Amino acid sequence: MNIQRIFKHLLMTRQQVKRAFPRSSLKLIEQAIQASETTHAGEIRFVVEGALDGWPLFKGQSARERAIDLFSQLRVWDTQDNSGLLIYLLLADRAVEIVADRGIHAKVSTHEWTKICQQMQTAFSQSNFAAGALAGVQAVTQHLVTHFPADESNPNELPNQPVLL
């Protein structure tokens, strides 16, 4: 049990999350995802969670474990070509995780996602939240365009709006 981490999570407020990601930034992220998805067959979800609470926090759930939970809960895996991808930010930890469905994971290595996460974390550590998020979406897009180019029937299977938890 990491007491310092617990306090960071307990002290994170909804207002801090909204300050980091105001409505205007969320709209820019949504537009970036929408534009991105016109160029490839992948489906991107972007989730920001201020902090963990309750049992997951006290048992030490990692950002990665939480991202995998949300990948399932938000049904990011439920795409025709197994081409869903979740970008998850746990704000209290400034931790970024990318979880890709098996179709994408088979073509893009974990190392590539880790590099994107680190770039986003660097921007977030400097409080450049919108810029970091947009750069992350753009970096993910480059991989998806390469491995999952758009075809004639490119349905939008998942919502493009970022999720704030």
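Here the structure is shown first, and the text comes after it.
Worth saying up front: this structure is predicted, and the values here are computed from it rather than measured.

Student: Could you give an account of a negative patch on the surface, with specific residues and numbers?
Tutor: On the surface, Asp81, Asp151, Glu152 and Glu157 cluster together into a patch of negative charge. Looking at the element boundaries, aspartate 81 is found in the loop between helix 5 (63-73) and strand 2 (84-90).

Student: Please provide a residue-by-residue account of the packing of aromatic side chains, values included.
Tutor: Applying the stated criterion across every chain, the model contains 4 aromatic pairs. For lysine 107, the ring lying beneath its charged end belongs to phenylalanine 148, and the centroid distance is 5.3 Å.

Student: Lay out a nonpolar patch on the surface with the relevant residues and their values.
Tutor: There is a patch of nonpolar side chains on the surface, built from Ile3, Phe7, Leu10, Leu11, Trp55 and Phe58 and spanning about 700 Å² of accessible area. Listed by contribution, the elements that provide at least two residues to the nonpolar patch are helix 1 (3-11) and helix 4 (54-58). By the element assignment, leucine 10 lies in helix 1.

Student: Tell me what's going on with the pattern of salt bridges, and back it up with residues and numbers.
Tutor: Tallied over the full model, the rule gives 6 salt bridges. Of the charged contacts, one joins glutamate 97 and arginine 64 as a salt bridge, the two residues approaching to 3.3 Å between their closest N and O atoms. On the criterion of sequence distance, the pair formed by glutamate 97 in strand 3 (residues 95-100) and arginine 64 in helix 5 is long-range, its members being 33 residues apart. Across the salt bridge formed by aspartate 78 and arginine 75, the nearest N and O atoms sit 2.7 Å from each other.

Student: Can you lay out the pairing of strand 3 for me, pointing to particular residues and giving the numbers?
Tutor: Summarising burial for strand 3: 6 of the 6 residues are buried, a large majority. Of the two faces of strand 3, both are covered, the one formed by Ala95, Glu97 and Val99 as well as the one formed by Val96, Ile98 and Ala100. Taken together, the 6 bridges between strand 2 and strand 3 define a ladder with antiparallel strand orientation. Along strand 3, the bridge assignment pairs isoleucine 87 with isoleucine 98. What sits between strand 2 and strand 3 in their antiparallel hairpin is a turn of 4 residues, with arginine 94 showing a positive phi close to 55 degrees.

Student: Lay out the nonpolar core in plain terms, naming residues and giving numbers.
Tutor: The biggest cluster of nonpolar side chains holds 35 residues, and the ones touching the most others in it are Phe21, Phe46, Leu85, Ile87, Trp113 and Val140. A per-element tally of this core places helix 8 (residues 129-147) first, with 6 residues. Discounting chain neighbours no more than four positions away, the residues touching isoleucine 87 are Ile44, Arg45, Phe46, Val47, Val96, Glu97, Ile98, Met120, Gly136, Val137 and Val140. Core analysis: the next-biggest nonpolar cluster, separate from the first, contains 16 residues, Val76, Leu90, Ala95 and Leu158 among them.

Here is what the cut-offs are and how they apply
Each chain has its residues counted from 1, following the order in which its sequence is written. Where local features are concerned, this predicted model is filtered to residues with pLDDT of at least 70; where side-chain atom pairs are given and counted, the filter is 80 or more; whole-chain, interface and lining totals use all residues. The basis for every side-chain value is the complete set of non-hydrogen atoms in the structure, without hydrogens or water. By definition, no residue in a patch forms a salt bridge, and every one has over 30% relative accessible area; like charges are joined within 9 Å, nonpolar side chains (Val, Leu, Ile, Met, Phe, Trp, Tyr) within 5 Å. In this description, accessible areas are obtained by the Shrake-Rupley approach with a 1.4 Å probe, and a residue is regarded as covered only by the protein chains that are shown. The term salt bridge refers to a side-chain nitrogen of Lys or Arg lying within 4 Å of a carboxyl oxygen of Asp or Glu. Under the convention used here, Asp and Glu are negative, Lys and Arg are positive, and both His and the chain ends fall outside the count. Where a charge lies is defined by one atom per residue type: Lys uses NZ, Arg uses CZ, Asp uses CG and Glu uses CD. Only DSSP runs of H or I reaching four residues or more are called helices, and only runs of E reaching two or more are called strands; each is numbered from the N terminus. Here the aromatic set is Phe, Tyr and Trp, taking the six-membered ring for Trp, and pairing holds for ring centres within 6.5 Å; pairs whose planes are under 30 degrees apart are stacked, those over 60 apart are edge-to-face, and all others are tilted. Think of it as a cone above the ring: NZ of Lys or CZ of Arg counts as a charge over the ring if it is within 6 Å of the ring centre and within 35 degrees of the ring normal. For every residue, the accessible area (1.4 Å probe, protein chains only) is compared with the maximum for its type, and the residue is labelled buried under 20%, exposed over 50%, or partly exposed between those bounds. Strands are treated as partners if at least two bridges between them are detected by DSSP. In these notes, a set of buried Ala, Val, Leu, Ile, Met, Phe, Trp, Tyr and Cys residues joined through side-chain atoms within 4.5 Å is what counts as a nonpolar core. The contact rule is simple, with two residues in contact once any of their heavy atoms fall within 4.5 Å.

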